[in-house]
Amino acid sequence: MMRLPWFGFHAPRTVAEAAKILAGEGPQAMLIAGGTDLVPNMKRRHQSPQTLVSLRRVDELKKITNGSGLKLGAGLSLTEVIHSDKVRAGYTGLYQAAAQVATVHLRNMGTLGGNLCLDTRCTYLNQNYEWRKAIDFCMKKDGDICWVATASKRCLAVSSTDTAPALISLGAKVKLVSSQGEREVLLADLYANDGIDYIVRRPDEILTEVSLPDTAGWKSTYWKLRRRGAFDFPVLGVAAAIKFAPDGTVEAARIALGAVSSRPLATKAGDSLIGKKLTDEAIAEAGGKAQNVAKPMDNTDLDIYWRKDVVSSFVGYALRELRGDDMRDTRMRISRQAL
Amino acid sequence: MNQPREGFLGQDAALELSVNGGTVRVASPPATRLADVLRDELGLTGTKIGCNAGDCGACTVLLDGRQVCSCLTAVAQAAGRNVTTVEGLAADGRLSDLQASFQKHGAAQCGICTPGMLMAAADLLARTAAPDEAEVKDALGGVLCRCTGYQKIIEAVLDVASGPRPDLPPAAGAAVGARAAKVDGIARVTGEERFGADDIPDDALWLRVIRSPHHHASFRLGDLDAVVKRTPGLERILTAKDVPSNGFGIYPHIKDQPVLADGEARFRGEAVLALVGKREAIETFDEATLPIEYVPLPPVMGLDAAMAPGAPLVLPDRPGNLLQDGGVRKGDAAAAFASCAAVAEGRFETAFVEHAYIEPEAGWARRVGKGRNARLEIHVTTQTPYMDRDEMAVVMKLKPTQVHIVPTACGGGFGGKLDMSVHPLVGLAAWLTGKTVACVYTRPESMASTTKRHPARVHAKFGCDASGRLLACEVDAEFDTGAYASWGPTVATRVPIHATGPYMVPNVRTRGRGFFTHCHPAGAFRGFGVPQGAIAHEAVMDELADKLGIDRLEFRLRNALKAGDATATGQVLEHSAGLGECLERLRPHWQRAQEEIAAFNAGSANLRRGVGIGCMWYGIGNTSLSNPSTMRIGVSKSGVVTLYSGALDIGQGSNTILTQIAADAAGLPMSTIRLVTGDTDLTADAGKTSASRQTFVSGKATELAALDLRKKLFAAANAPEGEYLDYRYKLAIEGNGKAAQIVIRRDGITHRVPLKKDILGEGYFDPPTSPADADGQGVPYASYAFAAQIAEVEVDLELGTTRVLRIVAAHDVGRAINPIQVEGQIQGGTVQGLGLALMEEYLPGRTENLHDYLIPTIGDVPHMECILVEDPEPLGPYGAKGVGEPGLIPTAPAILGAIENATGVRMRQVPVLPHRLRAALGAPA
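Residues numbered from 1 in each chain as written. Chains lettered and ligands numbered in written order. Predicted model: local features only at pLDDT ≥ 70, side-chain atom pairs only at ≥ 80, totals over all residues. Heavy atoms only, no water.

Our focus in this paragraph is the environment of E361 of chain B. All names here are of chain B. On the secondary structure map, E361 appears in the loop between β14 (353–354) and β15 (362–368). With a relative accessible area of 1%, E361 lands in the buried category. Between the C-alpha atoms of E361 and H518, which are 157 residues apart in sequence, the distance is 22 Å. Polar side-chain contacts of E361 include one of 2.3 Å to the side chain of Y357. (Helix = DSSP H or I, 4+ residues; strand = E, 2+ residues; numbered from the N terminus. Buried < 20%, exposed > 50% of the residue type's maximum accessible area, 1.4 Å probe, protein only. Polar contact = N/O pair within 3.5 Å; in protein donor to acceptor, adjacent residues only side chain to side chain.)

Right under this line is the structure:
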C-alpha cells in the first residue's frame, strides 16, 4: 500500500559525475538503471534510498566496443544485448541468457548491469510490507530469522540473474568505478554466497562495463528452467562454455548454475570433462557433479528436491548442444523460444 | 530534464515528457511511477494497473517506441522521451488496424488487459509488419489475460497485416447467429472504457483497509480517536461498531461475514479497520502505529482439521464446522454395486484457486440527498448490481430503494465479483462522512481477502454392467469453504446433483459437504464445485472403460444422457441434451490423435504423448431456486431504441448477445439499439451474471421484451392483432426528434405512423424449476449445457513436466447466438481449466501476488479448436442455453486422462506440478 517514498533524483551525464554524487550522498543513495528490480523492491520497502542516481543518461555506459574480446557497457538494455550481432556471433550463452530474462517489456527497460546486480529474491522477502510484517520480517530486511531455514546464520535468498551464470562461464570480468578509482574483478568473484551481502560491489561503486575474453575455440550455451511458458524468474539456470580442440577434445570447460544458491554458482563440474570428448558418459558425470553442488532452497517456486533432481538433465541439454547435437526441439519445449 | 537534478527536487522543477505526441509538464515527484502520472495527473486512464509489480503487464505503454511496464518506470526515467499510451493509437478518431483487428476478432473480452496487449502488439508491428505466431507470442508474453485464453488475441495481431475492418453489423433479422463484433467493443480497444478505478471523482476521500495478518486471532483496539487527531488528512477510522448491521452473505438466512471483524479475525486478510482520509495521508500512514493488539489463536486449516472430532469451531453456531450437507439419493446404489461387472473408485484432491481477474476490486460511493430522501450511491466493479443493492441495504439498514448501484465496467469476474468487496466499506464511509469515498484494492489485498475456488476432496465410485452401462454411483465430496459461507451452500448442493457426470445412472447416492476453516471464504468460481467433481467422475469413467476394454470415448457415448433420460434427481430431460453429438463430432479427432500419438511414442523414449477426454454437464442458473430476469426495451418518442439491461457484461459478451436477440425479436437492426446496463435506477433486476445464466435467462427475457415492444409498436400503427408475429412485415423506426415514425413495410407497401409517445416493452423469464425433496429429487435446473473436450499432452518423463499441445472442445450450446463470443468463452474457460490442472495452487498466506500465484501465460496455451453443437433448448432464446462455465469444466479431466494415457499414471491431485508427476512416475534414482 505504501507509495514510493519521496526522494531526491539525480540524472548525471557521465560516470565520473555519477561516482561523485554517490560519494557525496553516501550509502543512502542508490543507483537506478532500468528500475525493474529496484522500483518494486522500493515499493515493498526492501530498500529505502534517500536519493536515486539514474544512469539512464550516461551514454558511455551504452557502448559495445572491441577489446581483446568484447566490451559491453553495463547500461545497455537487455534488448540491445540480444540484438548485438557481436554477442550473438561470439557469445551465444550470453545471448541466450539475456533473451530469456523476464519479458520483452522488462528487457526493454532492464540493463545488463542491472541484471548482474539483481538483488537476491525470496518467497519470504518479495512481498509487501504488511505480508512481511505478518511473519515478523526476515533476516534480509527488518527481521532476524531466515524463514527458508530457521537455523541458518545467513540469509538464504536466491540469486535469480540469468546473465551472470552465462557471463561467468564465458570468463567475463567487470569494471567497478568509484570516485576513488576503478578496479576490474572476475565476475565470478563479484558474488558471495550470502543473500544479504551477495555482491562485493561497494555502495559507492558503479558497475560500468563487462569485458569478455576472445572466444576463439569456445562454444557456449545457457539453459533456463522456469515455471511458465512466457516468463518467470529461473528456478534453475545452467550456463556452459567449452573450449574444444580441433578433434573435439575438451580443453577447458566452465559450468555455472543459477537459482540454486545465493550467488551464481561457478562449479568445478566442467573439470571432469577436460581431456575427454563429450561422450554420454562424460556428460552424465559432469551433470552428476553439478547436481551434487546445487543447493536449491525453499526460497522460490516449485519443490526443492525436484529442482535439484533436474540439474543433471539441464547440464545434459547444455553439453549435448555444445557437442553439436540438434537440441532445437528440446530448446523449444523448454524455453518456447528458438534461440 | 537536460541538467542533472540536484538534491530534493519537487514542485519547483516540473518534468517534461511527450505523451501521445504532445509535450506535457508533470508536477508529480520524479520517483512517481509513470502509470500513476498517466492515470492520476494526466487523466489517461486507458493505461491499467493490475498488479503494480511488473507481473501482469496491464500497464504496458511505449517509451520511445518500445514497450515498457509503466508501473515500474519512475516518471523521471521517462523525462524528455516519447510515451505512447492506448489513447494514442487511434489517429483522428479512426481506429488503427490493430484496434480494428481486436474488435473484429473478439480479442477483447473484459478489456482490462486490452490496452497492455495493444501496446505490446503495436511495438511488435512497428518493427515487424507481418509477424509469425512465435513472434506474436514472444512480444505479448509479458501481458496476462484471464478471459480470452489468448488465442483470439494472437489471431487478431496476426491478421493486422491484412488490414482488417470489422464486419458491418448484421441486418435486421440476421443478428442471431452472426459473428457480430462487440457492441461495447470500441471503448475497450480505445481505452475509453471506465473500470472500477477509472472514474473516481477528484474530491474523493480514499479508504484503506487494515487487515488481519493472522489466520486466526482475537484483537483489541486502543484509542483510535487519538490516531485520527494526530494524523493530518486522516478523517476517520471505521470499526465494527460503525456498521449498522455487521454481517453480509449470499444467502438471505446466512449473513455471517462481518464488514469489519468484531474482536476476532477468522482469516488472514480479513478487514479489521478502515482508514478514511486524504489519499496521500492514508497511503503513507504507517500501519505499525495503529493501536491494535492481536492475540494469535490456533487456526483450523484444511479439511482434516475442520472435520476432526472435537475440532475448535470457526463459527460458534456451526457445530462440527459444518456449513451444509447436501445430497441426492435415487434407487439403491448399494444393492446395484453388488450386481456390477466392473467397479472403479478413487479419491481426488484439488486446491484453492484464485480468480486472478486482472482488475482488482475498486469503487466509490457517495451520499445523495438529505434526510428521509438520502440515498447511497455506489459505483463499483461487480457481477451483480441487484444483489449488491440488497446486501448494502441489509448492512446499512436501509430500504433497497435507498441504495443505488452504478456498475462500472468489470475487468473480469469469474464468480469472484459476486461477493461484496469494497462496497460496504466505501458505502459505510460515504454514509457516515457525507463525502465521496473511494477504495481500490492492491493486488495482494485482492488476493488475500476475496473468495477462492473451494478446495475439494472427492471420493467417487461408479459401477457398470459387462456392456459398460453405468448402474451405480456413489460420490462423497468435501469442500473447504473458508471462514464464512459465501457461496458454499451452492457448491454443497450443486455438486451432488452433477456428481454422476453427464451420464445416465439409475442408482445414485451422492453427498456434498462444506466445512469452515480459518481461510479466506471460498465462493463462486466458474463452475461452483462442478469442475472439482468432474475430475473425479471422469477419471473413474476412464478406469471403467479400461477395465472392460471399451474405448474411452465409446464408453462415454454409451452412457451419455440424452433426451428422454432421467437425471440423478429424477428430472426427465425433454430436449437439448447434445452430449452424444459432441462425442460423435469429436470421434474423428480422437482417432486422429490416437494414431498420431502412437506414431510419436513409437519413436520417443523420454517424451510421451497422450490423449484424454473429459465430459461435463452443467445446469444453467440457480439450483432449485427461482432466478428470474426482467428486461426492458423501449423506443422514445424521438425515435431512439434503447435496451435497458440489468444483466452485467463482465467480458463474456452478454451486451452483444442480448442486443442480437433484441434486434431479431423486435425486427430492428442491432446497430440502432442503444444500451443502458446495470444501473439499478435505470434497469430492472436481471439477476446476477453467474451460473452461465445471462444468455439463457436474460436472453429469453430480452426476446420477450422485444416481442412486447414489437407488439406495442404494431398496435400503435393500428396493425391487425397478431400481425407483429409475422416477420415478413419489416419494422423500422425512421426519422428523429419530432419527425420520428414507426414504419412497417411489406411487399412494396409502406405504412408510416408518427411516434407520439415513448413505448416500452418488457419481458420476464424465470426458468421453471422445482425444489428438491429430502432425497434431492426434483427439477433443479430448467436446462443443461453439455460438452466434451479432448486434450493432447506431451509429458517429459525425465522432468515430470506436462505440455498441453491441443484441445478440441465440442460444446452443446443450444444455439450460438454469437459464435465469436461462444468460442471466446470456451477458449478462456479452457485455459483456466488448464491452470486448474497443471499450474494453479493458492496457498493462504503465501501466494498473495501474481509472481507467486501463477496463471497461464501466452506461452502456456495450446491450440484450441471449438466445435459448436446446437441441440436447441426450446425454453431459451432462439434455442440458446449457457456456455460461461462449461468451457472450463471438461478441460482438467481431459488433461488428466491424457497424462494417464501418456504415462500410465493416474494423477489424483491437482495441480499436477512436475515434482508430483515425477514422484508418481517413480523417478529414477
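Looking now at the domain arrangement of chain B. All names here are of chain B. Domain annotation of chain B identifies domain 1 (6–88), domain 2 (97–190), domain 3 (205–298 + 359–411 + 417–449), domain 4 (452–622 + 773–920) and domain 5 (629–765). The straight-line distance from the C-alpha centre of domain 3 to that of domain 4 is 37 Å. Facing 21 residues of domain 3, the contacting portion of domain 4 comprises 23 residues. Of the roughly 1,800 Å² buried where domain 3 meets domain 4, counting both sides, 62% is carbon and sulfur surface. The salt bridge involving E848 is made with R268; its shortest N-O contact spans 2.8 Å. On the surface where domain 3 and domain 4 come into contact, there are ten residue pairs in polar contact (both at pLDDT 80 or more). Here the side of domain 3 that touches domain 4 takes five residues from helix α13 (residues 443–449), the largest share from any one element. Taken together, the residues that form the side of domain 3 that touches domain 4 break down as eleven nonpolar, four polar and six charged. (Domains from an automatic or database assignment. Contact = heavy atoms within 4.5 Å. Buried area = accessible area lost by both parts, 1.4 Å probe. Salt bridge = Lys/Arg side-chain N within 4 Å of Asp/Glu carboxyl O. Nonpolar A, V, L, I, M, F, W, Y, C, P; charged D, E, K, R; others polar.)

It is worth spelling out the interface of chain B and chain A at this point. Reports of interface size often rely on the accessible area that becomes lost once the parts have come together. With 76 residues of chain B at the contact, the number on the chain A side is 65 residues. When the buried area of chain B at its contact with chain A is split by residue, L72, Q77 and R846 of chain B rank highest and sum to 11% of it. At the junction of chain B and chain A, the tally comes to six salt bridges. One salt bridge connects R333 of chain A with E794 of chain B, and the closest N-O pair in it is separated by 3.9 Å. Linking chain B to chain A there are 21 residue pairs in polar contact (both at pLDDT 80 or more). Secondary structure elements with two or more residues in the side of chain B that touches chain A: α1 (34–41), β4 (66–69), α4 (133–139), α8 (279–284), β31 (784–796), β32 (801–812) and α22 (914–921) of chain B.

Looking now at the sheet that holds β31 of chain B. Residues and elements named next belong to chain B. Taken together, the four strands give an open sheet; going across it, the order is β23-β31-β32-β33, and neighbouring strands pair in mixed fashion. One side of each edge strand has no neighbouring strand; the edge strands of this open sheet are β23 (607–619) and β33 (863–869). Within the sheet, the average angular offset between the axes of one strand and its neighbour, ignoring direction, is 15 degrees. Together, β31, β32 and β33 form the strand contacts of helix α20 (residues 819–838), whose direction differs from that of β33 by roughly 130 degrees. Of the strands in this sheet, β23, β31 and β32 are in contact with helix α21 (residues 891–903), which crosses β23 at around 150 degrees. (Pairing = 2+ DSSP bridges. Axes fitted to C-alpha atoms, helices over the stretch in contact; angles between N-to-C directions.)

What follows is about unusual backbone geometry. Residue and element names in this part refer to chain B. Omega for the bond connecting V910 with P911 falls within 30 degrees of zero, at 0 degrees, which places this linkage in the cis form. Positioned with a positive phi, D92 is a non-glycine residue whose angle comes to about 50 degrees. Here D92 lies in the loop between β5 (82–84) and α2 (97–105). Here the phi dihedral of S692 falls at roughly 55 degrees; this positive angle occurs in a residue that is not glycine. Position of S692 relative to the elements: it lies in the loop between β26 (673–677) and α19 (694–716). Here S692 falls in the buried class, since its relative accessible area comes to 12%.

Right, let's talk about α21 of chain B for a bit. Along an α-helix, a turn takes 3.6 residues, which lines up residues three or four apart on a common side. Residues and elements named next belong to chain B. An ideal rise of 1.5 Å per residue puts 18 Å on 13 residues; α21 measures up with 18 Å between its terminal C-alpha atoms. α21 sits mainly inside the fold: twelve of its 13 residues count as buried. Inspection of α21 places T891, A892, P893, A894, I895, L896, G897, A898, I899, E900, A902 and T903 among the buried residues, and these make up the whole buried set. Taken from the residues just after α21, G904 is the one with a positive phi, measuring 80 degrees. (Expected span 1.5 Å × (residues − 1).)

In this section: the pattern of salt bridges. Pairing between side chains becomes possible if they bear opposite charge and their charged atoms approach one another. Residue and element names in this part refer to chain B. Summed over all chains, the structure comprises 84 salt bridges over all chains. Of the charged contacts in the structure, one is a salt bridge between R375 and D681, with a shortest N-O distance of 2.8 Å. One end of the pair, R375, is in strand β16 (residues 375–380); the other, D681, is in the loop between β26 and α19, with 306 residues separating them in the sequence. Classification of R375 by relative accessible area gives partly exposed; the value is 24%. One salt-bridge network, held together by shared partners, links E538, D542, D546, R552, R556, E900 and R906.

This part covers the packing of helix α11 (residues 385–396) of chain B against helix α12 (residues 423–433) of chain B. Residue and element names in this part refer to chain B. Their axes nearest at 10 Å, the elements α11 and α12 cross at an angle of 50 degrees. It follows from the interaxial angle that α11 and α12 lie oblique. In the packing of α11 onto α12, the handedness of the crossing is right-handed. Judged by residue contacts, D388, M392, V395 and M396 of α11 engage H423, P424, G427, L428 and W431 from α12. Looking at the contact of α11 with α12 residue by residue, the classes come out as six nonpolar, two polar and one charged. (Parallel < 35°, antiparallel > 145°, perpendicular 65-115°, else oblique. Left-handed = near helix turned anticlockwise from the far one by under 90°.)

Let us look at the sheet that holds strand β12 (residues 322–330) of chain B. All names here are of chain B. On the basis of which strands lie adjacent, the open sheet formed by five strands has the order β12-β22-β21-β20-β13 and mixed pairing. Edge positions in the sheet fall to β12 and β13 (342–349), since each of these pairs with one other strand and no more. Averaged over all pairs of adjacent strands, the angle between strand axes in this sheet comes to 5 degrees, irrespective of strand direction. Pairing analysis gives ten bridges linking strand β21 (residues 470–482) to strand β22 (residues 507–516), with the strands arranged parallel. Within β22, the position partnered with D476 by the bridge is R511. Those strands touched by helix α14 (residues 488–498) are β12, β21 and β22, and its axis lies near 20 degrees from that of β12.

Looking now at the packing of aromatic side chains. Applying the stated criterion across every chain, the model contains twelve aromatic pairs over all chains. The interplanar angle of 45 degrees and the centroid separation of 5.3 Å between the aromatic rings of W223 of chain A and Y317 of chain A together place this pair among those described as tilted. Pair noted here: W223 of chain A is in strand β9 (residues 218–225) and Y317 of chain A is in helix α12 (residues 311–323), with a separation of 94 residues, a long-range link. Of the two residues, W223 of chain A and Y317 of chain A, neither departs from the other in class, the shared state being buried. Taken together, the aromatic side chains of W617, Y781, Y784 and F786 of chain B make up a single cluster linked through ring pairs. (Phe/Tyr/Trp six-rings, centres within 6.5 Å; stacked < 30°, edge-to-face > 60°.)

We now examine the environment of A568 of chain B. All names here are of chain B. When you line up the elements, A568 lands in the loop between α16 (552–559) and α17 (579–602). Under the relative-accessibility criterion, A568 is labelled buried at 2%. A C-alpha to C-alpha distance of 54 Å links A568 and L72, two positions 496 residues apart in sequence. Every residue in contact with A568, bar those within four places of it in the chain, is listed here: V328, K330, I497, T500, V508 and Q777.

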